[in-house]
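If you want the building blocks of each chain, they are given just below.
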Amino acid sequence: MTTSLPEIRKTILLDAPMEKVWKQVSTAEGIAQWFMPSTFEPVLGHEFILEAGPFGKSKCKVTEIDPPNMLSFTWDKDWLLTFQLEEKEGQTEFTLIHGGWKSGEKTSFGEDHSLVRDRMDQGWSGIVNKLASVVQA
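A brief look at the structure comes next. Each chain has its residues counted from 1, following the order in which its sequence is written. Per-residue local features are limited, in this predicted model, to residues with pLDDT of at least 70; the limit for side-chain atom pairs, both in listing and counting, is 80 or more; totals at the level of whole chains, interfaces and linings are taken over all residues. Just so you know, side-chain values use all the structure's heavy atoms and leave hydrogens and water out.

A look at the side chain of T95
And then number 1: Numbering of helices and strands starts at the N terminus; helices are DSSP runs of H or I of at least 4 residues and strands are runs of E of at least 2. Checked against the element boundaries, T95 lands in strand β7 (residues 91-99).
And then number 2: Burial classes: relative accessible area under 20% of the type maximum marks a residue as buried, over 50% as exposed, and values in between as partly exposed (1.4 Å probe, protein chains only). Judged by its relative accessible area of 6%, T95 falls in the buried class.
And then number 3: By definition in these notes, contact holds between two residues if any of their heavy atoms fall within 4.5 Å. The contacts of T95, once residues within four sequence positions are left out, are R9, K10, T11, T82, F83 and Q84.

Looking at the sheet that holds strand β6 (residues 79-88)
And then number 1: Strands were regarded as paired on the criterion that DSSP finds at least two bridges between them. Strand order in this open sheet of six strands is β2-β7-β6-β5-β4-β3, and the pairing throughout is antiparallel. Since the sheet does not close on itself, it has two edges, and those belong to β2 (8-14) and β3 (47-51), each with one partner. Each strand axis lies, on average, 25 degrees off the axis of its neighbour in the sheet, ignoring direction.
And then number 2: Across five bridges, the pairing between β3 and strand β4 (residues 57-66) is antiparallel. By the bridge assignment, E47 is partnered in β4 with K61.
And then number 3: Axis angles are defined between N-to-C directions and span 0 to 180 degrees, where every axis is a line fitted to C-alpha atoms and, for a helix, only to the segment in contact. Packing against the sheet, helix α1 (residues 18-25) makes contact with β2, β4, β5 (70-75), β6 and β7, and its axis sits at approximately 165 degrees to β6.
And then number 4: Against the sheet, helix α3 (residues 113-135) touches β2, β5, β6 and β7, its axis set at about 10 degrees to β2.

Brief notes about the pairing of β7
And then number 1: Of all nine residues making up β7, seven are buried, and the element is well covered by its neighbours.
And then number 2: Bridge analysis of β2 against β7 gives seven bridges, and the strand direction is antiparallel. The residue bridging I8 from the neighbouring strand is H98, located in β7.
And then number 3: Examined bridge by bridge, β6 and β7 share nine bridges and lie antiparallel to one another. Considered in β7, the bridge of T82 is made with I97.
And then number 4: Following β6, the chain reverses through two residues before pairing antiparallel with β7; E89 in that reversal takes a positive phi of roughly 50 degrees.

Details of the side chain of H113
And then number 1: The residue H113 is located in helix α3 in this model.
And then number 2: Here the side chain of H113 touches D78 through a polar contact of 3.3 Å, side chain to side chain.
And then number 3: Apart from residues no more than four positions distant in its own chain, H113 is found in contact with L5, D78, W79, G100, W101, K102, E105, K106 and T107. Two N or O atoms form a polar contact when they lie within 3.5 Å of each other; inside protein one atom must be a possible hydrogen donor and the other a possible acceptor, and for residues adjacent in sequence the pair counts only when both atoms belong to side chains.

Digging into the pattern of salt bridges
And then number 1: Salt bridges are defined by distance alone: a side-chain nitrogen of Lys or Arg within 4 Å of a carboxyl oxygen of Asp or Glu. This model, assessed by the stated rule, comprises nine salt bridges.
And then number 2: One salt bridge connects K10 with D121, and the closest N-O pair in it is separated by 2.9 Å. Of this pair, K10 sits in strand β2 while D121 is found in helix α3, placing the two residues 111 residues apart along the sequence.
And then number 3: The salt bridge partner of K88 is E86, with a shortest N-O separation of 3.8 Å.
And then number 4: According to the relative accessible area criterion, K88 is partly exposed, its value standing at 33%.
And then number 5: The exposure class assigned to E86 is partly exposed, which follows from its relative accessible area of 42%.

Overview of the pairing of β3
And then number 1: Of the two faces of β3, only the one carrying F48 and L50 is buried; E47, I49 and E51 on the other face are not.
And then number 2: Linking β3 back to β4 in an antiparallel pair, the connection comprises five residues, with G53 at a positive phi of about 55 degrees.

This is the structure:
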């Protein structure tokens, strides 16, 4: 029996204008600087590849886009990744949501969701901090 696991949610207040943050999270060049290389394009329905290092090439598809506020895409066979931006008095609140976790399910690389979720929860903290260092430079 599979049950849903909580989504991963990381929120950070960035000392950068929303347009600058949006450019970092909605272009292939920007995403490569803080996350991983990809063939991303900010177009609804665009299918692209994330270069996931030792885990290979992950197929993705843009499922929702609302510039400069929100962007969602499927990641591999399991996940939905969402980037939300909100202006806060000249700064930008950035929230990353990684959903689609189910206990009893395995990823395309054969690991249990529950194990990968815990690892990625920690990993996302570092990745979001890397975004902060890029946009606040």
